[in-house]
Amino acid sequence: MLPPQRSSVAFRPPSAVLEPDAVAGRSQAAGTISGVRAAGVWPATAWPSPSASLVPGGPLYAQQWHLTAEGAGIDVVRVWADYSGRAVRVVIIDEGVQYAHRDLVASYRTAIDRDFAGRDMDAAPVGAREAHGTAVAGIIGARADNDIGGAGVAPGVDLAAYRVSFGARSSTNEILSALTASRAFDVVNNSWEFPSFFSDSFAGPTFRAHGQAIQDAVRLGRGGLGSNFVFAAGNGGARGDDVNFHDFQNSPYVITVAATDEAGVIAPFSTPGAAVLVSAPGVRIVTTDLVGSSGFDRGDYTALSGTSAAAPIVSGVVALMLEANGGLGYRDVQQILAYSANRTAPFEAEARTNGALDWNGGGLTFNRDYGFGLVDAHAAVRLAENWDAVSTYSTMATASAASTSRLIIGDLQTVTGQVTVQPKAMQIDRVEVWLDINHGRIGDLVITLLSPLGTASTLVERPGVSATSTLGSTLTSIKFTMDSVHFWGETVGGTWTLQVQDAARGQTGIVNGWRLDFIGDTAGANDTYVYTDDYAGLGSAAARSLLRDDDGGFDTINLAAITAAVMVDLAPGGEGLVLGQRLAIASDTSIEAAIGGDGADTLMGNAVANRLTGGRGADDLRGGEGADVFAYARLSDGGDLIRDFVAEDRLDVADLLVSVGYRGSRPFADGWLSAVEEGTETRLMLDVDGALSVAVPLTFLRFTGTGLGLGDGIIA
């Protein structure tokens, strides 16, 4: 077993050391952690060393391609108008952070950091070359308002570090202590990996406590909502590695992140696998470095490459999501990231579609290299703002099925086994697959799981096969738990098939047994159908453009992630227009709620009681018959026109009033809301200081008609 390593590609420690996934590896030493490394950094000569002088008269933001909406960036800049990650606590488990760096000092919280390697309360790096954590910290939370350096994805977060050792000096106890303490944080960034196949097994004695520490943090962290663990996928793509060969990366309790380049193409070093949730930029990411010449470059900034750089980008996005909605469970965060991810052209080249029904009118698309796509900060935050579900460890639904039938794997043959799962009201997040296989050379094997709906997820694909090894790994057994996110949104009931292929001549084997463990939510009648900007390319399919819901309940169309104006008609048989594509409601379907996006949307209700949320933009809202509720959570949701407000209708402005400081129950009587009739319309005014009358009241909403009797009685 190799010690932990950084997830970087500049220096690769031997296969028995813990390394960061981005910068500097360490040599192996007997008795140290056998398999962890950092997740990635290109050699300093691969890219020009960034410096403030490269941007005349300004900071390094112009070089930070990963932040923008153009090309293959994450579209985070627009989010900063509302959120910066303020008060969200993010810890970096790494070599330490040089918190005195001028781009980090304002974000770093020395009172809550720890040094588990040095056994003290100061997580600053010790000695030269411990630069990895400082680079990771800048990607997450470098300040954006100081006119120096660059910007982090979430420049307002509260950053801290848990210092551990990488390489020959690393210790499993340090990692365990850091993971155990991390439940005190909202987000936990881990840009490191154990590179040896199957070495970091949570089923074995060395790492069993580590797996339990992560599980405890998602169970107990954030008051039961769960700490959010983000892991670099690792930099083993070019040597035939897979995230499913590592329990830190394939744990159902973590978000595993692959790396892409400036064209949106998966980086050649990025480790693939069915447990990759999303991808993020991970090549030439400009960030903070150790001050002076002791870091990766001679100046105070560097360009980091590797999944070590991709993971903190997602950690920053998660921080923004949590500021937007602090009530998200850790499983909500995972689902939002998956449902909001951007389907880039490189992603689509080898994408598959599963059998879910709630994403852009049909199934989710996925890819072994990219997960569900490139993380989209803007779309993720918009969904987070309008996410009502709370999916935590305590609300998790589970199911299991196992087979003990022995399957003989002949040379160049394919064998299949099946288990039948009884129908159950459960919607899948993840499927855990325990395998017990003996084979003369596991590098020959391709192992695929097929769902009852026909979705195929490749769990193992010729371990170790690469440009330099045509035969791959010579290990002779797999006794390990795999993970797949590819069935997200499907149901469990039916026949599941395990397919084991021997893809190279010369060896045979046997499947001794296998088991499926399903993780998800209890399925109810209250369904939410999510639409994103990807509907522009998907909505032309007839099956996706017609929404049918046949189980009753209170159902919602959520278009919060869409950036252009939409028109939605909730009437049975009604037709709308979303991103130039038809979106129709089946004649036998009743949808009760709609949430708009960033555009000037038109939302029309039906004959039942509807809940309409316009979202941003000057929206046109029509509730139709029934006692409708019009909802507003923030000032940026204002500017709408409600065309048919009647006595039975209500306004839900509770979150809005809290956001401006009102804590009472009679906002009209207390002077925070007032109605003014003007011509044929009525304007609703918001006074952000109530009866103090210092602030100028703002027109928040308009209503068609006068004499509407607006007062405290209309507040939901």
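Residues numbered from 1 in each chain as written. Predicted model: local features only at pLDDT ≥ 70, side-chain atom pairs only at ≥ 80, totals over all residues. Heavy atoms only, no water.

The name that an unreviewed UniProt entry assigns to the protein chain is Type I secretion C-terminal target domain (VC_A0849 subclass), with the source organism given as Falsiroseomonas stagni DSM 19981. Annotation of the protein chain in UniProt includes, under Sequence similarities (unreviewed entry), the sentence "Belongs to the peptidase S8 family. Furin subfamily." Checking UniProt for the protein chain, the heading Subcellular location (unreviewed entry) contains the comment "Secreted". (UniProt positions renumbered as here; feature names shortened; annotations may be inferred.)

A.B. asks: I tried to follow the environment of M604 on my own but got confused; where do I start?
C.D. replies: Summarising the element assignment, M604 is placed in strand β32 (residues 602-604). The sequence separation of M604 and R643 amounts to 39 residues, and the corresponding C-alpha distance is 10.0 Å. In contact with M604, not counting residues within four places along its chain, are M567, V568, D569, L570 and R622. (Helix = DSSP H or I, 4+ residues; strand = E, 2+ residues; numbered from the N terminus. Contact = heavy atoms within 4.5 Å.)

A.B. asks: Mind showing me how you'd approach the pattern of salt bridges here?
C.D. replies: Oppositely charged side chains are able to pair whenever their charged atoms sit close together. Under the definition given, this model contains 36 salt bridges. Of the charged contacts, one joins E130 and R163 as a salt bridge, the two residues approaching to 3.0 Å between their closest N and O atoms. Separated by 33 residues along the polypeptide, E130 in the loop between β5 (114-115) and α1 (132-141) and R163 in strand β6 (residues 158-163) bring together distant segments of the chain. In this structure, R331 engages D429 in a salt bridge whose closest nitrogen and oxygen atoms are separated by 2.8 Å. Remark: D429 occurs in strand β19 (residues 426-439) and R331 occurs in helix α6 (residues 330-340); sequence separation between them is 98 residues. A single salt-bridge network, built from bridges that share partners, covers D82, R382, E385, D598, R616, R634 and D637. (Salt bridge = Lys/Arg side-chain N within 4 Å of Asp/Glu carboxyl O.)

A.B. asks: Could you clarify how one ought to interpret the domain arrangement of the protein chain in this entry?
C.D. replies: Note: interface size is frequently given as the accessible area lost on complex formation between the parts. Domain boundaries in the protein chain define domain 1 (61-385), domain 2 (397-522) and domain 3 (528-714). For domain 1 and domain 3, the distance between their C-alpha centres works out to 35 Å. If you look at the interface, domain 1 gives 20 residues, while domain 3 gives 17 residues. Carbon and sulfur atoms supply 44% of the area buried between domain 1 and domain 3, which totals about 1600 Å² over both sides. On the domain 1 side of the interface with domain 3, the three residues burying the most area are N360, R382 and L383, jointly 38% of the side's total. Run the count over domain 1 and domain 3 and you get four salt bridges. (Domains from an automatic or database assignment. Buried area = accessible area lost by both parts, 1.4 Å probe.)

A.B. asks: Would you explain the UniProt feature "active site" (unreviewed entry) in the protein chain in this entry?
C.D. replies: Sites flagged by UniProt as "active site" (unreviewed entry) map to D94, H132 and S308. A stretch of 215 residues holds the annotated residues, and the largest C-alpha distance among them is 10.4 Å, short enough that they meet in one place. Its place among the elements puts D94 in strand β4 (residues 89-94). Residue D94 is classed as buried on the basis of its relative accessible area of 0%. (Buried < 20%, exposed > 50% of the residue type's maximum accessible area, 1.4 Å probe, protein only.)

A.B. asks: How should the side chain of D241 be read in this particular structure?
C.D. replies: Within the secondary structure layout, D241 lies in the loop between β9 (228-232) and α4 (247-250). Classification of D241 as buried rests on a relative accessible area of 3%. Here D241 is in contact with E193, P195, F197, G236, H246, T271 and P272, once residues within four sequence places are set aside.

A.B. asks: Please explain the pairing of strand β24 (residues 509-522) as it appears in this structure.
C.D. replies: Across a regular strand the side chains alternate sides, sitting on one face of the sheet and then on the other. Counting buried residues along β24, 10 of its 14 residues qualify, which places the element largely inside the surrounding structure. Pairing of strand β16 (residues 397-403) with β24, which is carried by seven bridges, proceeds in the antiparallel orientation. Counterpart to A402 in the pairing with β24 is R515. Relative to β24, β19 runs antiparallel, the two being bridged by 13 bridges. Residue pairing across strands places D436 opposite G513, the latter belonging to β24. (Pairing = 2+ DSSP bridges.)

A.B. asks: Would you explain the packing of aromatic side chains in this entry?
C.D. replies: Note on aromatic pairs: each is described by the distance of the centres and the angle between the planes. Counted by the stated rule, this structure contains 25 aromatic pairs. Between F198 and F245, the aromatic rings sit 4.9 Å apart at their centres with planes inclined by 50 degrees, giving tilted as the arrangement. Of this pair, F198 sits in the loop between β8 (192-193) and α3 (208-220) while F245 sits in the loop between β9 and α4, placing them 47 residues apart in sequence. The same class applies to F198 and to F245, which are both buried. Summarising the aromatic geometry, the rings of Y662 and W672 are spaced 5.3 Å apart at their centres and angled 45 degrees between planes, so their arrangement reads as tilted. (Phe/Tyr/Trp six-rings, centres within 6.5 Å; stacked < 30°, edge-to-face > 60°.)

A.B. asks: I'm lost on the UniProt feature "domain: P/Homo B" (unreviewed entry) in the protein chain in this one. Help?
C.D. replies: Here the UniProt feature "domain: P/Homo B" (unreviewed entry) sits at residues 391-524. Structurally, residues 391-524 comprises 0% helix and 56% strand, and the distance from its first C-alpha atom to its last is 13 Å.

A.B. asks: What is the right way to read the nonpolar core from this model?
C.D. replies: Side chains of a nonpolar character, in soluble globular proteins, are inclined to be buried together. Core analysis: the biggest nonpolar cluster contains 79 residues, and V314, M321 and L337 have the highest contact counts within it. Top element by residues in this core is helix α5 (residues 307-324). It accounts for 12 residues. Shared between two domains, this core holds at least three residues of each, these being domain 1 (61-385) and domain 3 (528-714). Excluding residues within four positions of it along the chain, V314 makes contact with V230, I255, V257, V278, A280, L337 and V375. Among the nonpolar cores identified, the runner-up in size contains 38 residues, and L603, L621, L657 and F700 belong to it. (Core = buried A, V, L, I, M, F, W, Y, C linked by side-chain atoms within 4.5 Å.)

A.B. asks: What's the story with the sheet that holds strand β23 (residues 494-502) in this structure? I'm lost.
C.D. replies: Strand pairs in the sheet, formed through backbone hydrogen bonds, run parallel or antiparallel to each other. Pairing is antiparallel across the open sheet formed by four strands, whose spatial order is β18-β23-β20-β21. Each having just a single partner strand, β18 (414-421) and β21 (456-461) make up the two edges of the open sheet. Taking the axes of each pair of neighbouring strands and ignoring which way they run, one obtains an average angle of 15 degrees across the sheet. Note that β18 and β23 share eight bridges and pair antiparallel. Bridging across to β23, V419 finds its partner in W496. (Axes fitted to C-alpha atoms, helices over the stretch in contact; angles between N-to-C directions.)

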